[in-house]
Every structure is written in C-alpha cells, then in structure tokens.
Amino acid sequence: MANFDGRKKEVIAIIGGGISGLLACKYCISKGFDPIVFESESSIGGVWTKTIGSTKLQTPKPVYQFSDFPWPDSVTQVFPDQQMVLEYIESYARHFDLFTHIHFNSKVLNLNFEDGGSGDGEWNLWGGKGKWNVTVQDTRTISPQIQTYQVDFVVVCVGRFSRVPNMPEFPQNKGPEAFEGEVIHSMDYSKMDSSTATNFVKGKQVAVVGFQKSGMDIAMECSTVNGVERPCTVLIRTPHWNLPDYFPWGLNLGYLFLNRFSELMVHKPGEGFLLSLLATILSPLRWAFSKYLESYIKHKHQLAKHGMVPEHSFLNELSSCSVSLVPEGFYERVEEGSIKLVKKAESFGFSKEGIVLEGHATEPIKSDLVILATGFNGLDNLKHIFQSKNYQEFIAGSDDSAAVPLYRECIHPRIPQLAIIGFSESVSNLHTSEIRCRWLGELLDGKFMLPSIKVMEKDIAEWDKYKKRYSYRKYYRRSCIGALHIWYNDQLCKDMGWNPKRKKGLWAEWFEPYGPMDYIG
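Right, let's walk through the structure included here. (Residues numbered from 1 in each chain as written. Predicted model: local features only at pLDDT ≥ 70, side-chain atom pairs only at ≥ 80, totals over all residues. Heavy atoms only, no water.)

Thoughts on the overall build of the protein chain
Argument step 1. A tally of helices and strands in the protein chain yields 18 helices and 16 strands.
Argument step 2. Taken over the C-alpha trace, the protein chain has a radius of gyration of 23 Å; the compact-globule value for 521 residues is 24 Å, and the two agree within 12%.
Argument step 3. Taken along the three principal axes of its C-alpha coordinates, the protein chain extends 65 × 65 × 50 Å.
Argument step 4. Every one of the 521 residues in the protein chain was classed for burial, and the buried ones make up 56%.
Argument step 5. Taking as baseline every contact in the protein chain between residues at least 6 positions apart, the subset at least 24 positions apart corresponds to 73%.
Argument step 6. Of the roughly 22,400 Å² of accessible surface on the protein chain, a fraction of 52% belongs to carbon and sulfur atoms. (Helix = DSSP H or I, 4+ residues; strand = E, 2+ residues; numbered from the N terminus. Rg over C-alpha atoms; globule rule 2.2 N^0.38 Å. Buried < 20%, exposed > 50% of the residue type's maximum accessible area, 1.4 Å probe, protein only. Contact = heavy atoms within 4.5 Å. Areas by Shrake-Rupley, 256 points an atom, 1.4 Å probe, with all protein chains shown as cover.)

Quick look at the state of the cysteines
Argument step 1. Per the stated rule, a full pass over the model turns up one disulfide.
Argument step 2. Disulfide partner of cysteine 321: cysteine 480, at an S-S distance of 2.1 Å. Negative torsions about the S-S bond denote left-handed disulfides, and the value of about 70 degrees found for cysteine 321 with cysteine 480 makes this one right-handed. On the criterion of sequence distance, the pair formed by cysteine 321 in the loop between helix 11 (314–319) and helix 12 (330–336) and cysteine 480 in the loop between helix 16 (453–470) and helix 17 (485–496) is long-range, its members being 159 residues apart. Exposure class is identical for cysteine 321 and cysteine 480. Each is buried.
Argument step 3. Left unpaired, cysteine 232 is separated from the closest cysteine sulfur, that of cysteine 222, by 4.5 Å.
Argument step 4. The class of cysteine 232 is buried, set by a relative accessible area of 1%. (Disulfide = S-S within 2.5 Å.)

So, the side chain of histidine 412
Argument step 1. Relative to the elements of secondary structure, histidine 412 occurs in the loop between helix 14 (389–396) and strand 16 (418–420).
Argument step 2. A relative accessible area of 6% places histidine 412 in the buried class.
Argument step 3. Setting aside chain neighbours within four positions, we find histidine 412 in contact with Trp126, Phe394, Ile395, Pro405 and Leu406.

Regarding the sheet that holds strand 13 (residues 354–357)
Argument step 1. Strand order in the open sheet made by the three strands is 12-13-14, with antiparallel pairing throughout. Unpaired on one side and paired on the other, strand 12 (348–350) and strand 14 (365–366) mark the two borders of the sheet.
Argument step 2. Where strand 13 lies against strand 14, two bridges are found, and the strand directions are antiparallel. Among the inter-strand pairings, glycine 354 is bridged to a residue of strand 14, identified as lysine 366. (Pairing = 2+ DSSP bridges.)

Some words on helix 1 (residues 19–30)
Argument step 1. If you check helix 1, its first and last C-alpha atoms are 17 Å apart, about what 12 residues at 1.5 Å a residue would give, namely 16 Å.
Argument step 2. Of all 12 residues in helix 1, 10 are buried, a share of seventy percent or more.
Argument step 3. What helix 1 keeps buried is the set Ile19, Ser20, Gly21, Leu22, Leu23, Ala24, Cys25, Lys26, Tyr27 and Cys28.
Argument step 4. At its buried positions, helix 1 is contacted by strand 1 (12–15), strand 2 (36–38), helix 2 (82–95), strand 3 (102–103), strand 7 (153–156) and helix 15 (429–444). (Expected span 1.5 Å × (residues − 1).)

What about the environment of serine 479?
Argument step 1. Assignment of secondary structure puts serine 479 in the loop between helix 16 and helix 17.
Argument step 2. Once the C-alpha coordinates of serine 479 and lysine 340 are considered, the two residues, 139 residues apart in sequence, prove to be 32 Å apart.
Argument step 3. Excluding residues that lie within four positions of it along the chain, serine 479 makes contacts with Arg160, Ala403, Val404, Glu409, Phe423, Ser424, Glu425 and Lys467.

Some words on the nonpolar core
Argument step 1. Among the nonpolar cores identified, the biggest contains 110 residues, and Phe330, Leu341 and Trp439 are the most heavily contacted of them.
Argument step 2. Those residues in contact with tryptophan 439 that lie beyond four places of it in its chain are Tyr407, Arg408, Cys410, Ile411, Phe448, Leu450, Leu492, Asp495 and Met496.
Argument step 3. Membership of the second largest hydrophobic core comes to 26 residues, among which are Ile15, Val108, Val136 and Val151. (Core = buried A, V, L, I, M, F, W, Y, C linked by side-chain atoms within 4.5 Å.)

Some points on the packing of helix 1 against helix 15
Argument step 1. The geometry of helix 1 relative to helix 15 is characterised by a closest axis approach of 9 Å and an angle of 35 degrees between their N-to-C directions. Taken as a pair, helix 1 and helix 15 cross one another with a handedness that is right-handed. Residues Ile19, Ser20, Leu23, Ala24, Tyr27 and Cys28 of helix 1 touch helix 15, and the partners they reach there are Leu430, Ser433, Glu434, Cys437, Arg438 and Leu444.
Argument step 2. Looking at the contact of helix 1 with helix 15 residue by residue, the class counts come to eight nonpolar, two polar and two charged. (Axes fitted to C-alpha atoms, helices over the stretch in contact; angles between N-to-C directions. Left-handed = near helix turned anticlockwise from the far one by under 90°. Nonpolar A, V, L, I, M, F, W, Y, C, P; charged D, E, K, R; others polar.)

Considering the packing of aromatic side chains
Argument step 1. Using the criterion set out here, one finds 32 aromatic pairs in the structure.
Argument step 2. Ring centres of phenylalanine 211 and phenylalanine 330 lie 6.2 Å apart, and the angle between their planes is 55 degrees; on these two criteria the pair is classed as tilted. Here phenylalanine 211, found in the loop between strand 9 (206–209) and helix 5 (213–226), pairs with phenylalanine 330, found in helix 12; they are 119 residues apart in sequence, far enough to count as distant. In this structure, phenylalanine 211 and phenylalanine 330 share a single accessibility class: buried.
Argument step 3. An aromatic cluster of three or more residues is present, and its members are Phe66, Phe69, Trp71, Tyr88, Tyr92 and Phe96.
Argument step 4. Directly above the aromatic system of phenylalanine 96 lies the positively charged group of lysine 26, at a separation of 4.7 Å from the ring centroid. (Phe/Tyr/Trp six-rings, centres within 6.5 Å; stacked < 30°, edge-to-face > 60°. Lys NZ or Arg CZ within 6 Å of the ring centre and 35° of its normal.)

Some thoughts on the layout of surface pockets
Argument step 1. The space that makes up the second largest pocket amounts to roughly 590 Å³.
Argument step 2. Taken together, 22 residues line the second largest pocket, and the ones lying closest to its centre are Pro244, Val326, Pro327, Glu328 and Gly329.
Argument step 3. Counting only elements with at least two residues in the lining of the second largest pocket, the list comes to helix 5, helix 9 (283–301) and helix 12.
Argument step 4. A breakdown of the residues in the lining of the second largest pocket according to their chemical character gives eight nonpolar, five polar and nine charged. (1 Å grid on protein atoms, 1.4 Å probe; cavity = no way out; pocket = protein on both sides within 12 Å on 5 of 7 lines; lining within 4 Å. Points joined across faces, edges and corners; volume = space filled by probe spheres on them.)

Dropping the structure here:
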C-alpha cells in the first residue's frame, strides 16, 4: 500500500462528520496523523441532526456507545432520544478535540485519483503511489467557492441514510403529478423542527408509505396531532418483525442472538469443515430461537389480528439489519383507530384523490398529504462521489452480488488509498464503525499489510454468499453483518494482532452478549 511509514506527513481526508467520520478522525489523530474532515452541513452528527424529534435509539444505550467515552450518568434512559444522542456525540467530539479538524459547510463534489504509475485497478497488491484530488464546494456563499485538495488517503463516511432518497417507481400517468395533494419524502419531514412538523400535518389526512423506523415514527407523530378524527394511514408492502422491547418473554435478546454460541448456529464465511458441520447440527436450535422471538412479537403486537405476520424469519430480519424498535404505544394507536395499517400491493400509484393500489379493485386511499418513508439510495450517493466510471462500477458491484464489494467491509480491492466506513450495517453501527476505524488506524500506521487483491476478492465472495443465504431477499444488498458481528470483529482483531477472545471465563466468552466495552484497550 501507500508508504504510511510512521512519519505522519501524509494528508488524510475524511468525508462526513457523522459517527463514522468522527471516529475515523479520532483514530487517525491517535496514530499521529492530521486529518481534514469535510462536512457538508454546519454541524456534526450526520443522520442524528436530521432525524424526527421523537426518534429514539434502536438499541439499548450500553450497546450504542464509544468504548472510551461512556454515556454520562445523567442519561438514565435505556433508549435515549434524538437530542440526547446528538449531545453525546458532540461531547465526544469536544472531549477529543475533533472540531479543530472539521471544515464545515464543505460539500465534496467528487474524488479523482491521479495514478502514480499503478494503473487503474491493474495491480496485484492494494495501494498505489498516486494522490486523490478532493473537489470541495463551500456552501456558505451565494457564489459557491470551489477548491481542490490533494491528499494521500481518503476515508469516505457518507453513510447509507442521507442525501439521495429512494423513490418508488410509479405506473405510467399515475405518479405524484396526478395527485391534487402534496407528496414529500421522509427526508424532508425529518428536516423540520417539532413545531413546524406539527403545523405541517395538522388537520390533514396523512398517508405514510413504509413500515420501518421512520414510517412508524412519522405515523405516531401524525396520530398525536390529528387523533381518530383524521387517522394516519400506513401503507405496508412488507411486514417486519419489529421489536416491542429487548426482553422476549423476560429473556435478554442478547443471550439469543448476540453471543458466540448463537453464532455457532450460523454458517460463516471461511468457516472450515468443523464449524460448518456444527452450524448444520445446530440448525434446529437456530430455528427454535427464531420461533421463540417471533411468538413473543406476534403476541405483543397481535400481528395475526392485524394481518401483519411476516413471511420470513426473525433471523432473516436480523441478517438484513432491518429490525426496528416499535415506538411505545404504536399498536395502541392502531387499536384506537388513530393509525390505520394497510397492506398494499407490490406497486401503487396516485389519482386526484389519493393513493391507488395496483391490482386492487378498491377505492383510492383519500389523502391530503403522502409521506414516502421509503428509505435512501445510499449506493447511488456513494458511487457518484467518484469521478472515475471504473470506480463507480467497482462500487456498484455485479448484478448478482449481494452488497458493495468491500474487504473487511472497509476496503475495495481495486480502489487504492481509500477506505469506506459506515456503509455496511450491524446491530450497533456506532460499535462497528469504531472497531473498523481502529482497524484502519492500525493499517495506516503500518502495523499490518493487506493480502493480495485475489485473496481479498475471494474473502468478499465468501461474505457475499453468506449475505445471500441469510438475508431477507428484498434486503440482501444492505451490506449487513448483523448475525455475525462477533465473527467479523474477530477477523479485525486478528489482523491487528489482538486477542479476539475478550471475555473473562469460558461461560462469559460463549454465552454472554458482546458489546463495545469488551473492546476497551
């Protein structure tokens, strides 16, 4: 790779001031580098700065924290809200003096690699001798100023959930233009402050398209404002195993799915014969664990009554990183009638009055406002940051690949001197981003070398096969390591020369849940 030889004169650019960007900055500094962070907004925090006010953490607080900066004692909630999370992130940045490295209102327009003789992907070892040109626009001025920075290494931390909304495809002549009401994406709703959002939906017949976290949160806010007089309709294509809490039938969820023993039941990338045999033998237990949790969710939410029992298993849901925590009181609102659940067809369109379900001989769902909680096209956002068409194609991967082809979910074997952090998901994205940034810091510091491109691509193919095997088919491209986060962390630990076994005692090692604090030091 590039000659990061410990003299720390190389220039490192980090794109994005969210969780991953801050972690990348912190661990580059810890290795003696002086990184530049380009953040397009005027503040840090990434998605947490543009999140619906009522949103809370999706994982318990102990699972979502920095290993060297625990939550303050003043935060007593198990699931802190948006403002608490943002304050925690800002405190972390102040504590490690990260603000001095951040260029705010600096939007990166594109990245262009100037080859120093390595060729455009035609080499055997990852790295190179070139430079990256980072074209940055200052968004504070009426006439935007554009400047190009030349750097030795780039860390891309743009994430999956920002900038480019995922818009549904509509039947011909049945797009939003046919609708007399208003259509917005949840991204636009999330940008509003609480009072603005309240006034925006007040007195309107609102329909929300989507049944994951943002869709449920928006529906809750609309039902609070408008009540049963103007119920919020939620259109659902795919029912999900959304959690009521983390204690199914009184047992901590971590003991079922987030420890080493639970991962023995899953076929792992590069596992070898013995582990493969063990996963096959334990498959009935894996099925039983999944059914145990599904029975709890069905009971708590009365899914059968509402026609919302998913066709896939909870393990599929976890392996796709599509599990959400249901807002408190959501199904009580469904019972009282202020939220209506409608399982929709694969496609839908618009008429003058509202939403038309394709293939259903029903009246349109009359609406004044439709909010599309249909997610983001993170891949499109990621690949178009590269000026090179070759690099765009490398990022997109082949049509039959499960996800962005990244070694250790960080490095593309054919894009030199660059890492991508925060695009691949897990059960706790902060925890996963932190260990990846520690891994990257050790790599840049020369503590280990990457294998050949051929070996990296073989490893990527193994992970691709795993993702296709366990992820729910509609979400297999989400680059999720949710059901194998310990196995994944083990690989990073071994690369860095750490002992991957982090617990004290045999029982704890195999049966206690793993979390951020297991990787201190």
